Amino acid sequence: MRILSIFWKIFVFIFLTVLTQVGGLVYLFSFVTHKALNKRIGNKYFRGLSKLTSFLIIYSIVTFGLVPLIAKPFGRVPLPIFKTNNLQPQNILTCFLNRNYVRLTLRETAFEVANQMNEKYPNTTLNYLDANFPFINRFPLFPHLSHNDGKKLDISFCYIDTKTEEQTNDCPSFIGYGISEEPRPGEKNTTEFCESNGHWQYSLLRKIIPQGNKNNFMFDGMRTKELVNLFASQSAIGKIFIEPHLKTRLGLTTEKIRFHGCQAVRHDDHIHVQLY
């Protein structure tokens, strides 16, 4: 049982580190509360719940109090937790998991684009998805291949509510990924090409994320095209990833749009932007 306990703790440490970067260390630090909890709480279920609560409290203090301060010397700043300058997280868990850190230049660029979108399309708020972890270049942001240096940011597409037929700031996917704007007949089907060449992961999120909410939203090509062009017009932005069939459909001509490669995942559910 002791060996199983050790392996379990190692697994939890690795899992929390991969998921949040700092969670593994917080998990180890939370052990200092266990001795006191073991003495005061006799029921093992309440004791386990108390240990979990202790970890979550310490983790929240570290994530929202200490991490933003420590991240500054690494050249990274957090994107807003709540709507700021017409930019907000699609899912608050992005912030809770420390996946919302970027270089200051990228944050300012995102604010600028979000404000410009709101000026042209009133009441528009941009939803950001995964960014980067707060510390250490080349520390992978699973499952992404490249979100490891503070220079990358994923942005949700714009949508129309099919019930009201009006623009909405909501998204069909609760995490922003996985509900795609599929290629139409005659359009280039990169997903089919990549998967037929052995890249099974290319459409993995499409297969995992529930699709039941898709019919409540319609892809807003007009606003999404403007969004891509606004990012492309920013001098700090060096690359933009979007699926090839959408580049053609929307008539996007900027040379900053590149193909992300079959080794990545499909980009017809979000836009990827990155600094030079």
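Our subject in this report is the structure included herewith.

Each helix and strand in the protein was counted, giving 10 helices and 11 strands. By the compact-globule yardstick of 19 Å for 276 residues, the protein fits well, its C-alpha radius of gyration being 21 Å. Projecting the C-alpha coordinates of the protein onto the three principal axes gives extents of approximately 65 × 40 × 40 Å. Within the protein, the fraction of its 276 residues that count as buried is 50%. A separation of at least 24 residues holds for 75% of the contacts in the protein among residues at least 6 apart in sequence. When the accessible area of the protein is evaluated, it comes to approximately 14600 Å², of which 62% is carbon and sulfur surface. Side-chain charges in the protein split into 32 positive and 21 negative, and the spacing between the mean points of these groups amounts to 15 Å.

The next subject is the side chain of Thr109. Summarising the element assignment, Thr109 is placed in helix H6 (residues 104-120). Of the residues examined, Thr109 reaches a relative accessible area of 6% and is grouped as buried.

Once their charged atoms are close, side chains differing in charge can pair, the charge on each being opposite to the other. The full count for this structure, using the stated rule, is 10 salt bridges. Glu182 serves as the salt-bridge partner of Arg206, at 2.9 Å between the closest nitrogen and oxygen. Of this pair, Arg206 sits in helix H8 (residues 204-208) while Glu182 sits in the loop between strand S7 (166-168) and helix H7 (190-196), and the two are 24 residues apart along the sequence. Since its relative accessible area comes to 25%, Glu182 is described here as partly exposed. When salt bridges with common partners are traced through the structure, they connect Glu182, Arg206, Arg266 and Asp268 into a single cluster.

A few words on the sheet that holds S7. Strand order in the open sheet formed by 3 strands is S7-S6-S8, with antiparallel pairing between adjacent strands. Looking at which strands have only one partner, the edges of the open sheet turn out to be S7 and strand S8 (217-219). Across the sheet, the axes of successive neighbouring strands diverge by a mean angle of 45 degrees, strand direction being ignored. In this structure, strand S6 (residues 159-161) lies alongside S7, joined through 3 bridges in antiparallel fashion. Considered in S7, the bridge of Ile160 is made with Gln167.

The residue Asn132 is located in the loop between strand S4 (126-128) and strand S5 (152-156) in this model. On the basis of relative accessible area, Asn132 is assigned to the buried category, the value being 0%. Within polar-contact distance, the side chain of Asn132 engages the backbone nitrogen of Gly150 at 3.2 Å. A polar atom in the side chain of Asn132 sits 2.8 Å from the backbone oxygen of Lys152.

To continue, consider the nonpolar core. The biggest cluster of nonpolar side chains holds 39 residues, and the ones touching the most others in it are Leu153, Leu227 and Ile240. Contributing elements (two or more residues each) for this core: H6, S4, S5, S8, helix H9 (221-233), strand S9 (237-241) and strand S11 (270-275). Considering each element in turn, this core owes the most residues, 6 residues, to H6. In this view, Leu227 contacts Val113, Met117, Leu126, Ile155, Ser156, Cys158 and Ile271; residues no more than four positions away in its chain are not counted. Formed by 13 residues, the second largest nonpolar core is a distinct cluster that contains Phe55, Ile58, Ala71 and Phe135.

In the structure shown here, the tally under the stated rule is 11 aromatic pairs. Residues Phe11 and Phe15 carry aromatic rings whose centres are separated by 6.2 Å and whose planes lie at 15 degrees to one another, so their mutual orientation is stacked. Placement of the pair is Phe11 and Phe15 together in helix H1 (residues 2-20), with a separation of 4 residues, close to one helical turn. With a centroid separation of 5.1 Å and an interplanar angle of 65 degrees, the aromatic rings of Phe157 and Phe219 are classed as edge-to-face. Of the two residues, Phe157 sits in the loop between S5 and S6 while Phe219 sits in strand S8, which places them 62 residues apart along the sequence. For the residue pair Phe157 and Phe219, the accessibility class agrees, reading buried in each case. Put simply, the rings of Tyr27, Phe31, Phe55, Tyr59, Phe64 and Phe96 touch in pairs and so form one group of aromatic residues. Sitting above the plane of the Phe31 ring, Lys9 keeps its charged end 5.1 Å from the centroid.

Calculation criteria
Residues numbered from 1 in each chain as written. Predicted model: local features only at pLDDT ≥ 70, side-chain atom pairs only at ≥ 80, totals over all residues. Heavy atoms only, no water. Helix = DSSP H or I, 4+ residues; strand = E, 2+ residues; numbered from the N terminus. Rg over C-alpha atoms; globule rule 2.2 N^0.38 Å. Buried < 20%, exposed > 50% of the residue type's maximum accessible area, 1.4 Å probe, protein only. Contact = heavy atoms within 4.5 Å. Areas by Shrake-Rupley, 256 points an atom, 1.4 Å probe, with all protein chains shown as cover. Lys, Arg positive; Asp, Glu negative; His and termini not counted. Charge placed at Lys NZ, Arg CZ, Asp CG, Glu CD. Salt bridge = Lys/Arg side-chain N within 4 Å of Asp/Glu carboxyl O. Pairing = 2+ DSSP bridges. Axes fitted to C-alpha atoms, helices over the stretch in contact; angles between N-to-C directions. Polar contact = N/O pair within 3.5 Å; in protein donor to acceptor, adjacent residues only side chain to side chain. Core = buried A, V, L, I, M, F, W, Y, C linked by side-chain atoms within 4.5 Å. Phe/Tyr/Trp six-rings, centres within 6.5 Å; stacked < 30°, edge-to-face > 60°. Lys NZ or Arg CZ within 6 Å of the ring centre and 35° of its normal.

So, to be careful, I would describe these as geometric facts and stop short of saying anything about function.
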